[in-house]
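# Topology and contacts: notes
Spelled out, the chains give:
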Amino acid sequence: LKCLELRGVLFIYKQWYQRRVRGKMSELDKLSKSEKFSLSREVEIKKASRDSIVYASKGDSQPIAKRKRNSDSVSENGNDGIRTIIRVNQNPVVNEVTALIQPEIREASEYFGKIKMWIQLQVPKIEDGNNFGVSIQEDTISEVGSYFEYLRGAYDECARYHGTRGKVASKVAKYPELDDYTQYLSEIDCKQFTLNRILTNELKMIYSCVFDILNKNSEKIKQPRSQSNINLY
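Cut-offs used in this document
Throughout this document, residue positions are counted from 1 along each chain, in the order its sequence is written. It should be noted that, the model being predicted, local features are given only for residues of pLDDT at least 70 and side-chain atom pairs only at 80 or more, the latter also being counted only at that level, while totals for whole chains, interfaces and linings use all residues. For the side-chain quantities, the full set of heavy atoms in the structure was used; hydrogens and water were omitted. Numbering of helices and strands starts at the N terminus; helices are DSSP runs of H or I of at least 4 residues and strands are runs of E of at least 2. A 3.5 Å cut-off defines polar contacts: any pair of N or O atoms within that distance qualifies, except that in protein one atom must be a possible hydrogen donor and the other a possible acceptor, and neighbouring residues in sequence count only when both atoms are side-chain atoms. A pair is scored as a salt bridge if a Lys or Arg side-chain nitrogen falls within 4 Å of a carboxyl oxygen belonging to Asp or Glu. Classification of residues uses two cut-offs on accessible area relative to the type maximum, computed with a 1.4 Å probe and protein chains only: under 20% is buried, over 50% is exposed, and between them is partly exposed. For Phe, Tyr and Trp, rings pair up if their centres lie within 6.5 Å, where Trp contributes its six-membered ring, and each pair is then called stacked (planes under 30 degrees apart), edge-to-face (over 60) or tilted (otherwise).

So, about the side chain of Ser32. Checked against the element boundaries, Ser32 lands in helix H1 (residues 2–32). Among the polar contacts listed, one links the side chain of Ser32 to the backbone oxygen of Asp29, at a separation of 2.9 Å.

So, in structure tokens, the structure goes:
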């Protein structure tokens, strides 16, 4: 059973690196250079941030509690009151690019996890001497593992964005008179868009680095100890 599992993982490794990795890097290159990830969309993102704030109608410009407390007074600027924010929607531009990059992160994480497991299964039993190849395997496992952890953190960052934005959105709704919170909401959206754009380039680099390290050390990874040394035991 273990032999069949090992062959399955080995097949996945060969299939991915022989047929898919160059195509995947090409896809990511086209994606990063597409209009959807263009830096010129910053104006569009900021506009979408402003438009995501939904105000109440002018006839109901303050919450009920505030109307009761301020029924006999007016605001300092002479208006009847500050417009009430009833909802803060998501930013559709940021959601669009996140929906494109998240599947790429999941796919890369899955492949790197399988490659890490495959190399781990190639590590021979502990013996004295002739462990240079084993050290190469361990270094490769560590390298691939670091990329795996980076991608997992990047995926978590996509989720944390909504939590962070939600907290700021609650401040925007609570203090509509403070323009800084509205500006902060816009800056968070721009930051997440930029991070998504960077991730497309980072993914290309990670694919290239893993492809390079496995190609250069494939013989030692598959056979860490020389055949002559193995025959001695």
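So that's the structure; there's more coming.
Across all of its chains, the model carries 15 salt bridges by this definition. The shortest N-O distance in the salt bridge between Arg41 and Glu44 comes to 3.1 Å. One salt bridge in this structure joins Asp51 and Lys47, with 2.8 Å as the shortest N-O distance. With Asp51 and Lys47 both in helix H2 (residues 42–51), this residue pair falls four residues apart, about one helical turn. Asp51 sits in the partly exposed class, given a relative accessible area of 48%. One salt-bridge network, held together by shared partners, links Lys24, Glu27, Glu104 and Glu107.

In this section: the packing of aromatic side chains. Applying the stated criterion across every chain, the model contains two aromatic pairs. A ring pair is formed by Phe112 and Tyr207, whose centres lie 5.8 Å apart and whose planes are at 55°; its orientation type is tilted. Note that Phe112 is positioned in helix H4 (residues 92–122) and Tyr207 in helix H6 (residues 179–216), a separation of 95 residues in sequence. Exposure class is identical for Phe112 and Tyr207. Each is buried. An angle of 20° between the planes, with centres 6.1 Å apart, marks the rings of Tyr175 and Tyr181 as stacked. Residue classification places Tyr181 among the partly exposed residues on the basis of a relative accessible area of 26%.

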